[in-house]
Amino acid sequence: MTTTPVSVVDIARYLPGEPVGTEYFAERIAPDSRLNWENPMFVPPKSRHLVDRDTTAADMIERAADTLFARLGGQARRDVDIVITNVLLPDMPHAGAGATVAHRLGASPSWVLDIHNAGCASFVVMLRLAKMLIETTPARSALLCNVQNSAGLVFTQPNNLRNPPSAIPGDGAAVAYVTASAESPVLDIEVVNRPEAAPDMQIEREDGSLYWEPGEAELNVKFTEASVAKIISRGNRLVPEVVETVCRRIGAKPSEIDVLVTNQPNRMFLRNWSEALQLPPGRHLDTFDRYGNLFGAGAPVTLSHAIEEDAIPAGALVVVAGFAHAGDLAAAAALRWRAAA
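Residues numbered from 1 in each chain as written. Predicted model: local features only at pLDDT ≥ 70, side-chain atom pairs only at ≥ 80, totals over all residues. Heavy atoms only, no water.

Colleague: Explain the environment of G315 residue by residue, including any values.
Modeller: Mapping G315 onto the fold places it in the loop between α10 (298–308) and β12 (317–324). Separated by 133 residues in the primary sequence, G315 and A182 place their C-alpha atoms 12 Å from one another. Residues within four places of G315 in sequence aside, it is in contact with R336, W337 and R338. (Helix = DSSP H or I, 4+ residues; strand = E, 2+ residues; numbered from the N terminus. Contact = heavy atoms within 4.5 Å.)

Colleague: Give me a negative patch on the surface: which residues, what numbers.
Modeller: The grouping of E204, E206, D207 and E213 at the surface amounts to a negative patch. With relative accessibility at 47%, the residue D207 sits in the partly exposed group. (Patch = residues over 30% accessible without salt bridge, like charges linked within 9 Å, V, L, I, M, F, W, Y side chains within 5 Å. Areas by Shrake-Rupley, 256 points an atom, 1.4 Å probe, with all protein chains shown as cover. Salt bridge = Lys/Arg side-chain N within 4 Å of Asp/Glu carboxyl O. Lys, Arg positive; Asp, Glu negative; His and termini not counted. Charge placed at Lys NZ, Arg CZ, Asp CG, Glu CD. Buried < 20%, exposed > 50% of the residue type's maximum accessible area, 1.4 Å probe, protein only.)

Colleague: Hey, could you go over unusual backbone geometry for me, with residue numbers and the actual values?
Modeller: Here D310, not a glycine, exhibits a phi torsion of approximately 55 degrees, which is positive. As for its position among the elements, D310 is in the loop between α10 and β12. A relative accessible area of 68% places D310 in the exposed class. Positive phi is not limited to glycine here, since R338 has a value of about 50 degrees. Within the secondary structure, R338 is located in the segment after β13 (329–336).

Colleague: Quick rundown of the side chain of Q264? Include the residues and the values.
Modeller: Along the chain, the position of Q264 falls in the loop between β11 (259–262) and α8 (267–276). Polar side-chain contacts of Q264 include one of 3.3 Å to the backbone oxygen of L285. There is a polar contact of 2.8 Å between the side chain of Q264 and the backbone nitrogen of T287. Beyond its immediate stretch of four places on either side in the chain, Q264 contacts L270, L285, D286, T287, F288, G292, N293, G298 and T302. (Polar contact = N/O pair within 3.5 Å; in protein donor to acceptor, adjacent residues only side chain to side chain.)

Colleague: Any details on the environment of T245? Residues and values, ideally.
Modeller: Its place among the elements puts T245 in helix α7 (residues 225–250). On the basis of relative accessibility, which here comes to 14%, the residue T245 falls in the buried class. Residues T245 and L127 lie 118 residues apart in sequence; the distance between their C-alpha atoms is 17 Å. A distance of 3.0 Å separates a polar atom in the side chain of T245 from the backbone oxygen of E241.

Colleague: Lay out the packing of aromatic side chains in plain terms, naming residues and giving numbers.
Modeller: Here the structure, examined in full by the defined rule, presents 6 aromatic pairs. Where F69 meets Y177, the ring centres are 5.7 Å apart and the plane angle is 80 degrees; that geometry is what we call edge-to-face. Here Y177 lies in strand β7 (residues 172–180) and F69 lies in helix α2 (residues 57–72), a separation of 108 residues in the sequence. Each member of the pair, F69 as well as Y177, carries the same accessibility label: buried. Ring centres of Y211 and W212 lie 5.1 Å apart, and the angle between their planes is 85 degrees; on these two criteria the pair is classed as edge-to-face. Y211 sits in the exposed class, given a relative accessible area of 56%. Exposure remark for W212: the relative accessible area of 58% places this residue in the exposed category. Through pairs of rings, three or more aromatic residues link up here, namely F269, W273 and F323. If you follow R28 out to its NZ or CZ, it ends over the ring of Y24, 4.1 Å from the centre. (Phe/Tyr/Trp six-rings, centres within 6.5 Å; stacked < 30°, edge-to-face > 60°. Lys NZ or Arg CZ within 6 Å of the ring centre and 35° of its normal.)

Structure follows, in structure tokens:
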């Protein structure tokens with residue numbers, strides 16, 4: 001049985017508004033906050049972009065898609081067979097963004113899937129799902145859509161601004177075009193679930209109300225010193241593990257990776273992952289100081305930069321990896337970039 005090759009053809013991004021400097025947050029943070037910027041988990045980036053409340057996830061995807069299809073052509077837009085979205089803060093909690101995106105594209109996809117989980121590793125999870133559908137159904141192309149939109153909508157609310165971790169996230173979107181082709185083939189994908197880690201990251205409102213109940217308390221992510229320590233320990237270990245697994249299965253050493261693209265949580269993780277995989281500076285891409293933590297959009301936004309800047313040579317081994325939430329999921333995918341060139 002011959003397996004259909006599946007390739008990541010191109011990726012484009014959209015960042016809302018002008019960059020916002022860290023001084024915006026420094027002026028508002030509570031001086032007695034328990035978690036402060038001295039914690040390596042929460043050292044802020046130099047800048048980030050913040051979405052406004054009138055810009056929807058579908059808007060962000062459409063703007064990134066306009067850039068993508070300006071390069072690929074209008075027929076590629078209309079030929080999308082699969083639309084998969086991951087939106088960190090779903091602004092269409094029942095229907096999801098996928099159907100709206102498909103309508104705006106003028107496409108009639110066979111599959112419209114909105115996945116809510118997978119967090120910072122969602123790009124790889126969506127890629128695995130698209131690959132499975134292309135290999136096993138008549139579908140030939142997929143649009144993978146990542147949106148991070150909680151920085152401007154949640155973390156800049158007045159009380160949340162007093163919390164130092166609110167300065168870490170930024171907002172942005174990325175879309176990837178995946179097709180049945182051997183242009184830049186996906187060589188292998190590893191996804192690992194660690195459900196026992198899930199309780200270490202929760203959302204809360206200070207008054208104890210549930211997020212859908214009326215009230216004035218703000219929604220935020222709940223951290224404790226113990227949970228932060230666990231997340232750091234897991235994060236340092238999980239990403240190198242999934243990268244090493246993928247490399248072993250394709251017959252490569254991690255040190256042979258030409259371009260590593262990960263989620264961009266903070267400088268500490270980026271440094272530790274590079275060291276663990278013995279990758280020299282420049283081969284592990286870093287956009288943290290430019291955009292902050294873009295969660296699920298971090299890896300594809302970062303990869304889009306490298307593509308547009310021609311920073312990935314033909315034939316390069318590219319590995320995309322990340323871990324989600326408190327470490328309940330980790331994933332990695334290996335690609336041979338422009339293998340057919």
